[in-house]
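# Understanding the architecture of this molecule
Chain residues, written in single-letter form:
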Amino acid sequence: MPIERRRGPVALAYRVLVLPGVIAYLFAVSVVVLAADRFWLVDLLTFAWPYVVTAGALFLVGALVTRRLKAIAIALLGVAVALIPASDVPTARSSGPGSALKVLTANLYVDNEKDPSVFIDILRREKPDIVVLQETTATWEQALSASGLYPHESSAESRARDDLKVFSRLPIRAETELKRAFTEEYAYKQPLRLELALNGKPLFLYAFHPETPRRPWKWRDRNAYLSAAADAVKGDLETAPVIVAGDWNTPTWSPFFRNFLRQAGLASTAGGWLQPVTRFSMKLDGLAYIGASIDHIVVSPDIAVLARHVGPAFGSNHLPVIAELSVPES
């Protein structure tokens, strides 16, 4: 009797919680992996994908406690399916010869009117060669220009139009707004394309900030933005190295991020499912950075990534992303 009583609660938990839970989890993650590129709400789940994988690990622990092979097998399969989006991301190589170049991207947060000096101090410490900014106000633009850190910057028109701004130690040879056909009534955002000079040779830089997919039309426009930009990048790859940086409003685990990389022929500077949060909830930042990894720096296959990290908070609801690169000299 004592043995049966000890086994009773475990058997009940297996039937009521663990087995139904692992089956539901496997079904849910399979739907997301297979259908996120077709359904808006399904794709939105990828913003929380590290938490989804963590939930799968907890289900696996519960299955191991019950010692039921059926539950363990289903839980393992569910976690394996959940890890597919991260394992499917093309990732840049970690070493290679070339010129060292540091790139920093940050969303300044349009309501952030705090003193820009905190962010300028980050630039002084990190010493990035290229700074790609989103949601840039005139106040921040003027403060960064007055800092004297960067001799070259993108035009005021790009900041006024799409809130995009680029500061650079490299000369800017040309600046163009990518012209794409709009299919949504209220769409207006365009990627910013710059041709920089690195040791006298061209380097293409794209600054991104597509729509946040909070509504179906914004989701469709974000996806169209990425697709049009991928076609443009693919053409530039035939001429020179390419770097794309910005707030993509697209998590690493979304099929649209992976599709962009494959369509454009680029690779991410970050890999794996456990990535630092770059956009977080300011209501919870006292406890932890709860959010998603949506700020990215991606590069052409000839560029190596020497290091990548997320910088400190500076008053925005985004953290800066910094990548140290090795760009081929020929």
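Residues numbered from 1 in each chain as written. Predicted model: local features only at pLDDT ≥ 70, side-chain atom pairs only at ≥ 80, totals over all residues. Heavy atoms only, no water.

### Describing the packing of aromatic side chains
The cut-off we apply is this: Any two of the Phe, Tyr and Trp rings considered here, Trp counted by its six-membered ring, make a pair once their centres fall within 6.5 Å; the pair's planes then place it as stacked at under 30 degrees, edge-to-face at over 60, or tilted in between. Placement of a charge over a ring requires the Lys NZ or Arg CZ to be within 6 Å of the ring centre, with the centre-to-atom vector within 35 degrees of the ring normal.
With the rule as written, the count across this model stands at twelve aromatic pairs. An aromatic cluster is present here, built from Phe-208, Tyr-225, Trp-248, Phe-257 and Phe-260 joined pairwise through their rings. Here the guanidinium or amino end of Lys-165 rests over the ring plane of Phe-167, the centre of that ring lying 5.5 Å away.

### Considerations on the packing of helix 6 (residues 117–126) against helix 7 (residues 138–146)
In plain terms, the rule: All axes are obtained by fitting lines to C-alpha atoms, using only the stretch in contact for helices, and the reported angles, taken between N-to-C directions, cover 0 to 180 degrees. The helix count covers DSSP runs of H or I at least four residues long, the strand count covers runs of E at least two residues long, and both are numbered beginning at the N terminus. In these notes the angle categories are as follows: under 35 degrees is roughly parallel, over 145 is roughly antiparallel, 65 to 115 is roughly perpendicular, and the rest is oblique. With the far helix as reference, a near helix turned anticlockwise by less than a right angle produces a left-handed crossing, and one turned clockwise produces a right-handed crossing. Throughout, a contact is declared for two residues whenever any of their heavy atoms are within 4.5 Å. Three classes are used: nonpolar for Ala, Val, Leu, Ile, Met, Phe, Trp, Tyr, Cys and Pro, charged for Asp, Glu, Lys and Arg, and polar for all others, with Gly counted as polar.
Between helix 6 and helix 7, the least distance of the axes is 10 Å, while the angle of their chain directions is 40 degrees. Accordingly, the angle class assigned to the pair helix 6 and helix 7 is oblique. Pair helix 6 / helix 7 crosses with right-handed handedness. Side by side, helix 6 and helix 7 meet where Phe-119, Ile-120 and Leu-123 of the first sit next to Trp-140, Ala-143 and Leu-144 of the second. Taken together, the residues of the contact of helix 6 with helix 7 break down into six nonpolar, no polar and no charged.

### Observations regarding the confidence of the model for the protein chain
How we decide: Every residue is assigned a pLDDT by the predictor, reflecting its confidence on a scale from 0 to 100.
Per-residue confidence for the protein chain gives a mean pLDDT of 90; residues scoring 70 or more make up 93%. Across residues 1–6, where pLDDT falls below 50, the model places zero contacts with residues more than four positions away in sequence or in other chains.

### A look at the pairing of strand 6 (residues 192–198)
This is how it is decided: To sort residues, take the accessible area from a 1.4 Å probe on protein chains only and compare it with the maximum for the residue type: under 20% means buried, over 50% means exposed, and anything in between is partly exposed. For two strands to count as paired, DSSP must find a minimum of two bridges between them.
Where burial is concerned, most of strand 6 is hidden: seven out of the seven residues are buried. Residues Leu-192, Leu-194, Leu-196 and Leu-198 of strand 6 are buried on one face, and the alternating residues Arg-193, Glu-195 and Ala-197, pointing to the opposite face, are buried as well. For strand 5 (residues 172–177) and strand 6, the ladder comprises five bridges, and the chain directions are antiparallel. When the bridges of strand 6 are listed, Glu-175 appears paired with Leu-194.

### Description of the environment of His-296
By the secondary structure assignment, His-296 is in strand 12 (residues 295–299). His-296 gets classed as buried once you look at its relative accessible area, which sits at 3%. As a C-alpha pair, His-296 and Asn-199 span 97 residues in sequence and 25 Å in three-dimensional space. Discounting chain neighbours no more than four positions away, the residues touching His-296 are Thr-105, Val-244, Ala-245, Gly-246, Trp-248, Thr-250, Pro-251, Thr-252 and Phe-257.

### Considering the pairing of strand 8 (residues 242–247)
What counts is decided by this rule: Crossovers are described as right-handed under a simple rule: with the strands pointing away from the observer, the path leading from the first strand over the helix to the second runs clockwise.
Within strand 8, six of the six residues are buried, leaving the element largely enclosed by the surrounding structure. Looking at chain direction, strand 7 (residues 201–208) and strand 8 are connected through five bridges and run parallel. Across the sheet, residue Leu-205 finds its bridge partner in strand 8, namely Ile-243. Regarding topology, helix 9 (residues 216–236) serves as the crossover connection from strand 7 to the parallel strand 8, and that connection is right-handed. Note that strand 8 and strand 12 share five bridges and pair antiparallel.

### What to know about the sheet that holds strand 13 (residues 304–310)
Here we have six strands laid out as an open sheet, ordered 3-4-2-1-14-13, and mixed in their pairing. Two strands bound the open sheet, and with one partner strand each, they are strand 3 (152–153) and strand 13. Relative to strand 14 (residues 321–327), strand 13 is paired through six bridges, and the arrangement is antiparallel. Along strand 14, the bridge assignment pairs Ala-304 with Ser-326. Strands strand 1 (99–107), strand 2 (130–134), strand 13 and strand 14 of the sheet are contacted by helix 6, whose axis makes an angle of about 165 degrees with strand 1. Here helix 7 sits on the sheet and contacts strand 2, strand 3 and strand 4 (165–168); the angle it forms with strand 4, its principal contact strand, is near 5 degrees.

### Observations concerning the sheet that holds strand 5
With respect to topology, six strands assemble into an open sheet ordered 5-6-7-8-12-9, the strand pairing being mixed. Edge positions in the open sheet fall to strand 5 and strand 9 (267–268), since each of these has one partner strand only. Sheet contacts for helix 10 (residues 255–264): strand 7, strand 9 and strand 12; angle to strand 12, the most-contacted strand, approximately 20 degrees.

### What about the packing of helix 3 (residues 49–66) against helix 4 (residues 69–82)?
Close contact between helix 3 and helix 4 brings their axes to 8 Å; oriented N to C, the two are set at 165 degrees. As far as their axial angle goes, helix 4 and helix 3 are roughly antiparallel. As for how helix 3 packs across helix 4, the hand of that crossing is left-handed. Note on element contacts: helix 4 touches helix 3 through Ala-71, Ile-72, Ala-75, Leu-76, Val-79 and Ala-82, opposite Trp-49, Val-53, Gly-56, Ala-57, Phe-59, Leu-60, Ala-63, Leu-64 and Thr-66.

### A word on unusual backbone geometry
Keep in mind that most residues, glycine aside, have a negative phi and that most peptide bonds are trans. For Arg-67, which is not a glycine, the phi torsion comes out positive at approximately 60 degrees. Mapped onto the fold, Arg-67 is located in the loop between helix 3 and helix 4. Backbone geometry at Lys-127 places phi at a positive 55 degrees, although glycine is not the residue there. Tracing the backbone shows Lys-127 in the loop between helix 6 and strand 2.

### With respect to the side chain of Arg-193
Condition: Under this definition, polar contacts are N or O atom pairs within 3.5 Å; protein pairs additionally need one hydrogen-donor-capable and one acceptor-capable atom, and for neighbouring residues in sequence, both atoms have to be side-chain atoms.
Within the fold, Arg-193 resides in strand 6. Polar side-chain contacts of Arg-193 include one of 2.9 Å to the side chain of Asp-236. In contact with Arg-193, other than residues within four places in its own chain, are Ala-174, Glu-175, Thr-176, Phe-204, Leu-205, Tyr-206 and Asp-236.

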